[in-house]
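Listed here are the chains, written in short residue letters.
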Amino acid sequence: MPEFQHSPGMRDILPPDSGRWRQFQAVFAQVVESAGYGEVMPPLMEDLAVFQRVGEATDVVTKEMYDFIDRGGRHVSLRPECTASVCRIFAQHRPATPWKVFYAGPNFRYEKPQRGRFRQFDQVGIEVLGADDPYLDVEVIALGWEFYQRLGLRQVKLLLNSLGEPDDRARYEASLAQYFNDNLDRLSPESQITLTKNPLRVLDSKRAADAAVLANAPRIASFYSPEAAAHFEAVQQGLTDLGIPFTIDTALVRGLDYYRRTTFEFQGGTLDSAQNALGGGGRYDGLVESLGGPATHGIGFALGLDRTLLACDDEGVFGAPNKTVDVFVVDTTGGQEALRITAQLRAAGISADRAFENRSMKSQMKGADRSGAPLAIIVGSNELDAGQVVIRPLRGEDAQRSVARDTLISEVIQALQTAPKEATQ
Ligand code: HAM
């Protein structure tokens with residue numbers, strides 16, 4: 001066992017998996033850029049207070065922050081998510097609205113590591129600031145849905161809820177708290193603790209002991225103001241218009257405290273229930289204000305890359321891309337010719353790798369096979385003297401050929417056109 005390994009909950013992402021991650025982000029960027037979203041790159045670290053605005057009743061804030069005092073005495077934290085940072089950025093720079101942005105990158109939460117739950121995990125997400133239109137909620141949800149479709153996932157379920165306007169939510173919370181307190185002795189000890197912090201989060205409980213109390217708990221729908229009800233109605237109608245299937249889940253409160261009105265979650269069909277949330281989001285009118293900006297409407301989502309890829313594995317879709325070079329150069333004359341040839345090939349847009357350390361022909365040919373390249377270019381002393389190179393197809397039935405060194409590029413281009421390709425995804 002080597003002396004050092006990565007810390008618990010962290011991972012090393014090696015090729016070819018890393019290519020899959022990059023592809024994931026590229027597909028996401030394609031989907032959202034085609035809807036007018038531009039990339040924002042928040043810093044990995046902020047003043048702790050920025051994240052505390054997410055809400056003091058959130059585990060993410062109270063228990064999971066990677067915070068520390070920096071050398072200048074500032075209390076800072078690695079970001080546990082990006083929404084608070086995007087709102088801080090908006091409050092600081094005041095871009096024109098509606099401001100439609102997307103992001104991709106790592107976040108840090110000190111959680112108990114398990115399948116689909118890590119301490120460093122990647123998200124892709126979008127946020128729109130400065131527009132209050134139910135059809136924007138529909139656009140945002142539809143982009144998440146479209147992305148999952150593009151990955152090839154077919155078992156994703158969309159759960160939808162509305163938490164009402166802040167007043168509705170407050171009245172609902174009070175009524176829930178009353179109801180749970182009246183039934184305190186029938187709640188699990190864990191839920192009794194949750195109740196003291198945020199009665200809504202008790203609805204999240206999956207514990208059998210709580211099931212009976214939860215079944216008769218008051219429902220948010222009876223507390224909607226006419227405006228909140230109309231907004232929610234329009235969101236549902238818009239999703240139906242676009243043919244996006246959804247299930248209303250009145251217990252969907254989500255783990256972060258900043259949500260108001262629309263909330264939604266994408267659930268995978270194959271993961272354990274504790275980790276089956278592939279992504280989620282909602283409206284968070286009020287967060288920009290709490291970060292010192294003007295009153296601004298906001299909505300967005302974040303999708304977990306790690307969990308979504310696990311779901312892709314389970315459904316057998318979106319495998320690692322099969323990245324190979326076009327040509328592998330074998331040079332038994334000392335390596336200088338390989339240096340020139342690879343440079344010439346790469347300059348012509350042909351990807352090329354080579355062997356080093358002037359190994360034997362046999363050893364270099366092994367490297368050529370391992371590289372997955374469809375063609376090898378071989379230079380021995382005979383070829384060097386004759387001003388030639390050998391082009392050898394590494395797959396299929398075609399025989400190798402000697403060609404003049406100065407026609408190398410056009411010959412390789414031609415040979416690549418006819419060379420059998422490995423199946424790529
Ligand atoms: P969240 O529900 O905390 O929301 O995270 C979104 C997704 O990130 C989760 O559904 C999950 O796939 C992934 N995720 C979260 N924690 C972990 C972890 N420890 N390991 C692996 N994956 C994880 C947010 O972060 C909000 N900022 C979403 C949002 C954007 N709301 C509005 N705009």
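## Quick notes on the overall build of the protein
Consideration 1: Within the protein, the secondary structure is distributed over 16 helices and 16 strands.
Consideration 2: Relative to the compact-globule value of 22 Å for 425 residues, the protein shows a C-alpha radius of gyration of 28 Å, a clear excess of over 25%.
Consideration 3: Dimensions of the protein along its principal axes, counting C-alpha atoms only, are 95 × 55 × 45 Å.
Consideration 4: Relative to its 425 residues, the protein shows a buried fraction of 51%.
Consideration 5: Pairs at least 24 residues apart make up 71% of the contacts formed inside the protein by residues separated by at least 6 positions.
Consideration 6: For the protein, the exposed surface amounts to about 20,400 Å²; the carbon and sulfur share of it is 50%.
Consideration 7: Computed over 45 positive and 56 negative side-chain charges, the separation of the two mean positions in the protein equals 4 Å.

## Section: the site of the ligand
Consideration 1: Close to the ligand lie 27 residues, the nearest being E81, T83, E111, F118 and Y259.
Consideration 2: In the environment of the ligand, a nitrogen atom lies 2.4 Å from a nitrogen or oxygen atom belonging to the side chain of E81.
Consideration 3: The contact in question runs from an oxygen atom of the ligand to an N or O atom on the backbone of G279, over 3.2 Å.
Consideration 4: Starting from 650 Å² of accessible surface for the ligand in isolation, the protein chains cover 96%.
Consideration 5: Those elements that provide at least two residues to the shell around the ligand are β6 (120-129), β10 (277-283) and β11 (298-304).
Consideration 6: Sorting elements by how many residues they give to the shell around the ligand places β10 first, with 6 residues.
Consideration 7: Taken together, the residues that form the shell around the ligand break down as 11 nonpolar, 9 polar and 7 charged.

## Details of the sheet that holds β6
Consideration 1: Pairing in this open sheet of 8 strands is mixed, and the strands run β1-β5-β6-β11-β10-β9-β7-β8 from one edge to the other. In this open sheet, the two edge strands, each paired with only one partner strand, are β1 (38-39) and β8 (247-248).
Consideration 2: As paired elements, strand β5 (residues 99-108) and β6 share 10 bridges and run antiparallel to each other. Bridge pairing in β6 places W99 opposite L129.
Consideration 3: Strand contacts of helix α5 (residues 134-151): β5, β6, β7 (157-162), β9 (260-267), β10 and β11, with the helix running at about 15° to β11, the strand carrying the most contacts.
Consideration 4: Running at roughly 160° to β7, helix α10 (residues 226-241) makes contact with β7, β8, β9 and β10 of the sheet.

## Let's talk about the domain arrangement of the protein
Consideration 1: Here the protein is described as being made up of domain 1 (17-164 + 224-315) and domain 2 (327-418).
Consideration 2: Measuring from the centre of the C-alpha atoms in domain 1 to the corresponding centre in domain 2 gives 49 Å.

## So, the sheet that holds strand β3 (residues 67-69)
Consideration 1: Strand order in this open sheet of 3 strands is β2-β4-β3, and the pairing throughout is antiparallel. Only two strands of the sheet have a single neighbouring strand rather than two, namely β2 (45-47) and β3. Each neighbouring strand pair of the sheet contributes to a mean axis angle of 35°, computed without reference to strand direction.
Consideration 2: Alignment of β2 against strand β4 (residues 75-78), held across 3 bridges, turns out to be antiparallel. In the sheet register, M45 faces β4, and the bridge partner there is L78.

## Quick look at the packing of aromatic side chains
Consideration 1: Following the criterion strictly, the structure yields 18 aromatic pairs and no others.
Consideration 2: Ring geometry for Y66 against F108: centres 6.3 Å apart, planes inclined by 75°, an arrangement best described as edge-to-face. With Y66 in the loop between α3 (59-62) and β3 and F108 in strand β5, this residue pair connects regions lying 42 residues apart in the sequence.
Consideration 3: An aromatic cluster of at least three residues, connected via ring pairs, comprises F24, F28, F102, F147, Y148, F264, F266, F301 and F318.
Consideration 4: Looking at R11, its charged tip hangs above the ring of F118, at a distance of 3.5 Å from the centre.
Consideration 5: Note that R119 overlies the ring of Y110, its terminal NZ or CZ placed 3.8 Å from the centroid.

Quick notes on the rules
Residues numbered from 1 in each chain as written. Predicted model: local features only at pLDDT ≥ 70, side-chain atom pairs only at ≥ 80, totals over all residues. Heavy atoms only, no water. Helix = DSSP H or I, 4+ residues; strand = E, 2+ residues; numbered from the N terminus. Rg over C-alpha atoms; globule rule 2.2 N^0.38 Å. Buried < 20%, exposed > 50% of the residue type's maximum accessible area, 1.4 Å probe, protein only. Contact = heavy atoms within 4.5 Å. Areas by Shrake-Rupley, 256 points an atom, 1.4 Å probe, with all protein chains shown as cover. Lys, Arg positive; Asp, Glu negative; His and termini not counted. Charge placed at Lys NZ, Arg CZ, Asp CG, Glu CD. Near = heavy atom within 4 Å. Polar contact = N/O pair within 3.5 Å; in protein donor to acceptor, adjacent residues only side chain to side chain. Nonpolar A, V, L, I, M, F, W, Y, C, P; charged D, E, K, R; others polar. Pairing = 2+ DSSP bridges. Axes fitted to C-alpha atoms, helices over the stretch in contact; angles between N-to-C directions. Domains from an automatic or database assignment. Phe/Tyr/Trp six-rings, centres within 6.5 Å; stacked < 30°, edge-to-face > 60°. Lys NZ or Arg CZ within 6 Å of the ring centre and 35° of its normal.

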